[in-house]
Amino acid sequence: MGDPIQLKDEGNKHFQAGDIDKAIECYTSAIKACKDKKVLAVIHRNRSACYLKKENYANAASDASKAIDVDAADIKALYRRCQALEKLGKLDMAFKDVQRCATLEPKNKTFLETLRRLGADIQAKLKTTFSTDSRVQNMFEILLDDEMEKDKREKAANNLIVLSREDAGAERIFQNNGVPLLLNMIETGKPEMILAAVRTLSGMCTGHKARAMAIIHMVGIDKMCSIMAVDNEEIALATCNLFQCVNDSLTGGDHREYGKEEALVLDASKDLKDILLSLLEMVASKKVSGHGRDQALNLLSKNVPRKDKKERDNSRTLFTIDHGLKKILKVCGQVPELPDQLPLTDNTQLIASVLLNKLYDDLKCDPERTNFREICDEYIKAKIDPNNMDKTIHAINAISGLLQGPFDVGNALVGHQGIMEMMVALCGSEREVDQMVAVEALIHASSKMSRASFIITNGVSLLKDIYKKTKNERIKIRALVGLCKLGSAGGDDYSLRQFAEGSTEKLAKQCRKWLCNPQIDTKTRNWAIEGLAYLTNDADVKDDFVEDEPAMKAMFELAKSKDKTVLYSVACTLVNCTNSYEKKEIIPELVQLAKFSKQHVPEQHPKDKKDFIERRVKRLLKAGVTSALAVMVKADNAILTDQTKELLSRVFLALSEDPRDRGIIVAQGGGKALIPLALEGTEAGKVKASHALAKIASISNPEIAFPGERVYEVVRPLVNLLQTDRDGMQNYEALRSLTNLSGFSEKLRVKIVKEHALPEIENYMFEEHDQIRQAATECMCNLVSCKEVQERYLEDGNDKLKLLVLLCGEEDEDIQRAAAGGLAMLTAAQKKLCTKMTKVTTQWLEILQRLCLSTDPRIQHRGLVIVYNMLNSDDSELVKKLIESEMLEILSVIGKAEDNPKRQDPIDVARTCLVKAMDLGLIKPFSNPS
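In short, a report on the structure.

Each value, and the rule that gives it
Residues numbered from 1 in each chain as written. Predicted model: local features only at pLDDT ≥ 70, side-chain atom pairs only at ≥ 80, totals over all residues. Heavy atoms only, no water. Buried < 20%, exposed > 50% of the residue type's maximum accessible area, 1.4 Å probe, protein only. Helix = DSSP H or I, 4+ residues; strand = E, 2+ residues; numbered from the N terminus. Arc of directions from axis to C-beta. Contact = heavy atoms within 4.5 Å. 1 Å grid on protein atoms, 1.4 Å probe; cavity = no way out; pocket = protein on both sides within 12 Å on 5 of 7 lines; lining within 4 Å. Points joined across faces, edges and corners; volume = space filled by probe spheres on them. Phe/Tyr/Trp six-rings, centres within 6.5 Å; stacked < 30°, edge-to-face > 60°. Lys NZ or Arg CZ within 6 Å of the ring centre and 35° of its normal. Axes fitted to C-alpha atoms, helices over the stretch in contact; angles between N-to-C directions. Parallel < 35°, antiparallel > 145°, perpendicular 65-115°, else oblique. Left-handed = near helix turned anticlockwise from the far one by under 90°. Nonpolar A, V, L, I, M, F, W, Y, C, P; charged D, E, K, R; others polar. Salt bridge = Lys/Arg side-chain N within 4 Å of Asp/Glu carboxyl O. Patch = residues over 30% accessible without salt bridge, like charges linked within 9 Å, V, L, I, M, F, W, Y side chains within 5 Å. Areas by Shrake-Rupley, 256 points an atom, 1.4 Å probe, with all protein chains shown as cover. Lys, Arg positive; Asp, Glu negative; His and termini not counted. Charge placed at Lys NZ, Arg CZ, Asp CG, Glu CD.

Take helix 42 (residues 746-754) next. The set of residues buried in helix 42 consists of Leu748, Arg749, Ile752 and Val753. Viewed end-on, helix 42 has its buried residues packed into an arc of 140°, placing them on one side of the element. The exposed residues of helix 42 that point more than 90 degrees off its buried face are Lys747 and Lys754. Elements that come into contact with the buried residues of helix 42 comprise helix 40 (710-720), helix 41 (728-742), helix 43 (758-764), helix 44 (770-783) and helix 45 (787-794). Remark: His756 follows helix 42 within two positions and exhibits a positive phi of approximately 60°.

This part takes up the side chain of Ser202. Within the secondary structure, Ser202 sits in helix 11 (residues 191-205). Given the relative accessible area of 4%, Ser202 is considered buried.

What follows is about empty space enclosed by the protein. With a probe scaled to a water molecule rolled over the atoms, the places where space remains empty come into view. What the rule picks out here adds up to two cavities of 30 Å³ or more. In this structure, the second largest cavity spans a volume of roughly 100 Å³. Mapped onto the lining of the second largest cavity, the elements with two or more residues apiece are helix 14 (233-253), helix 16 (269-283) and helix 17 (290-303). Of the residues forming the lining of the second largest cavity, the biggest block, four residues, is contributed by helix 16.

Turning to the packing of aromatic side chains, a few remarks are in order. Under the counting rule described, the total for this entry stands at two aromatic pairs. With 5.2 Å between their ring centres and 50° between their planes, Tyr79 and Phe111 make a pair best called tilted. Within this pair, whereas Tyr79 is found in helix 5 (residues 75-87), its partner Phe111 is found in helix 7 (residues 109-143), the two being separated by 32 residues in sequence. The pair formed by Tyr79 and Phe111 is uniform in burial state, with each residue classed as buried. The ring of Phe612 has Arg615 lying over it, and the distance from NZ or CZ to the ring centre is 4.9 Å.

Quick look at the packing of helix 50 (residues 857-871) against helix 53 (residues 904-919) now. Relative to each other, helix 50 and helix 53 sit at 15°, their axes nearing to 8 Å. Between helix 50 and helix 53, the angle is such that the two are roughly parallel. Of the two elements, helix 50 crosses helix 53, and the hand of that crossing is left-handed. Touching Pro857, Gln860, His861, Leu864, Val865, Val867, Tyr868 and Leu871 of helix 50 are Asp905, Pro906, Val909, Ala910, Thr912, Cys913 and Lys916, all from helix 53. Here the contact of helix 50 with helix 53 is built from residues that sort into 10 nonpolar, three polar and two charged.

A complete count under the given rule lists 54 salt bridges for this structure. Across the salt bridge formed by Asp340 and Lys286, the nearest N and O atoms sit 2.6 Å from each other. With Asp340 in the loop between helix 18 (315-333) and helix 19 (348-361) and Lys286 in the loop between helix 16 and helix 17, the pair connects residues that are 54 residues apart, well separated along the chain. Residue classification places Lys286 among the partly exposed residues on the basis of a relative accessible area of 45%. Linking Arg773 and Glu810 is a salt bridge whose minimum nitrogen-to-oxygen distance equals 2.9 Å. With Arg773 in helix 44 and Glu810 in the loop between helix 46 (800-807) and helix 47 (813-829), the pair connects residues that are 37 residues apart, well separated along the chain.

Turning our eyes to something else, we now look at the environment of Asn472. Tracing the backbone shows Asn472 in the loop between helix 25 (449-469) and helix 26 (473-487). Between the alpha carbons of Asn472 and Gln860 there is a distance of 79 Å; along the sequence they are 388 residues apart.

The subject of this paragraph is the side chain of Gln774. Mapping Gln774 onto the fold places it in helix 44. When sequence neighbours within four positions are dropped, the list of residues in contact with Gln774 reads Asp814 and Ile815.

Okay, a negative patch on the surface next. Together, Glu149, Asp151, Glu154 and Glu192 make up a negatively charged patch on the protein surface. In this fold, Asp151 is placed in helix 8 (residues 150-164).

With that settled, consider the environment of Glu473. Looking at the element boundaries, Glu473 is found in helix 26. Linking Glu473 and Asp521, residues 48 residues apart in sequence, is a C-alpha distance of 9.9 Å. Setting aside anything within four residues of it in sequence, one finds Glu473 in contact with Trp514 and Thr524.

Printed below as a string of structure tokens:
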């Protein structure tokens, strides 16, 4: 351990040099080594000054207090604590400290000014507090007065919600008996009052752990669940948001420093566990409405599985499986047509399937997966009863739910002895509900081709029979979708068509007919889209569908409706129509080898060639696909899974392929819709969406394509496309889009730099590919006006400036122009770079002369600007060397040329350079002999 005095002195030196982190290190080491109380007080006082500089006000106040404990009249420590307390919002305590300072030094102007200012601030705060308190009371009086006019009550409710979203306002509501009064509003039972109260509570819980914990104890988790359980979509959604705000605050959304008491007072683990158990109870409770159940499932889906698979702790998922898996399966097994079922919405069962999939996907090892499968197996076995058909179809429907979620678990259950046979037998039942459940299960079970081939052998005739005989439209369309799915089991492989020539087209025609019929209920029309999602694997079906504009528009309208179960089917249909699915590269040599060994070789349909795909994209755009996609992306629902997002991203990328179509995409909101897709979802989906963004951002006006603050959200996805594992086209498009953005505003340039794009852009300036190297150089040219970029070029020990100078000597004129532009801007902004430029390479003068002699007036203009910057650099040696070279002759020739509109810019700069040289006394003006 070092000498404390020496460490303190070292800390002082670092502080004076501006290296605050090193100073803190030295002072901390000195504190550990020091035994002398008085010296210790000085070190604490000094470290307090460091913490003030670092804006760590809690530590600054703590260190100053330790110094004051030793010497109550330590004026520096008192003033530093005053500054820290003021920043922490503790004005009254800060006022006492500066009052003590002013008593010790009554003539110190700084102390007197601070005393006056803090006094005024305290008065203003008191005035605001009393004013806010009276406003809060007034709002509650208006809201709880039944005889008050409706518009006044609405205004008071809105004001209360707005006030709760500010930390100071939320605290005033809380301190003024706000929570009991909000509970009184909820007890009125009026939807508008409940909504206002719940939204106010959400504001109060946001970002404040202590207040959130106090509120859930005052309101009660059971009470919050009962509010979410009501049959009102808006109230259920608002209460779901309240639960989310509480969860976020209790799990890290609050960044306040609570000090030593935090671990004791703010342990939220029990509350979080109670909330989880209550939500699981809601999932299978008959007292909960369909909307409430949806939101309970949504909350579980959002907060139980790990957000990042790198996290080791998946205990919440394991707890949920042990305590709630059977409850979620119960939801999946509900058959709305039977009596005594749980209240559901159109979306509930699909949300439950998505949750099952997320839970299964979050498991880390085989024993955990085995436990999941065993619980499912046990549940299904307990439900299957040959003597009770209602229980049996509940089990089959639960299997359907698993097949739409963790498919492997459902598939294993279907493979159990007797299950598939039971499904086939139920198709022949006299009860329509049995047929409907069995057909749906068959549809979901045939997702894998091997399973489909089994059903083709055993079930196609059965499905055809049901389709022909049943008079119930709902069963008829399900049977048709089953046939559609089986007919498309070969994917887009033309040689693997399952049915006879023309059969798939007939099925698709019937689907389109149902889709366009507004007399049929929405659920049935959704199944028609499900059928098309399978059939559009066939290129003839795709072509027929995009020619049918009413069918396309009907599908887009359904995609915009409240029933979100259709999202995945619509996305699949669009991916098929645009051929934006993942395609395996077919290597000709392997094809020959496969034919020789009599193996199957996939064949491409003639209508899946490029010109047909382009025509389909144009038809979709004309029908308004972009506006439908924009609505689908906004779906704040667990149904919009990462897989669905990836499909939407693929469609957007296909739509934006032709630069002429990008204006339509922007006009219909496609630019804004792409941002969330580029930030969330699967890795492949984010890359596809980012690539589509890059295509749009490279040629669009950012103000129009991404209005308001959204333009700053675009930067990160574009920077991510610069990673070396992305393909060359993605790198190129990203560089072009960043070039466009960086030319738009200083704020955007700063954002690009903050996203750590510079190292990647510099890397591509070394790229062998000419177009990528040009795009990177142009991007850097736009960024060099940013102060931080200039500082990087000023730093020693790198070749950044050398690279830029050498790029000015490239044969490619586009690269030459971009590099010369960047160099001209850098040398104008930083005079030191004029001198540094001559030291990084011996070829600098030759390259500069070449720029000034270029036949391209734009390159010549940039070269001459660099020369002018050097003449203006205050480096007399450099200026002299420049004038003594052939550069003077070049300047004279250009400057003496006649005015020419096409080359006027370089001529004017050359003349300015000659005038500057004359001003410096390096050349004399030409004069005629007398």
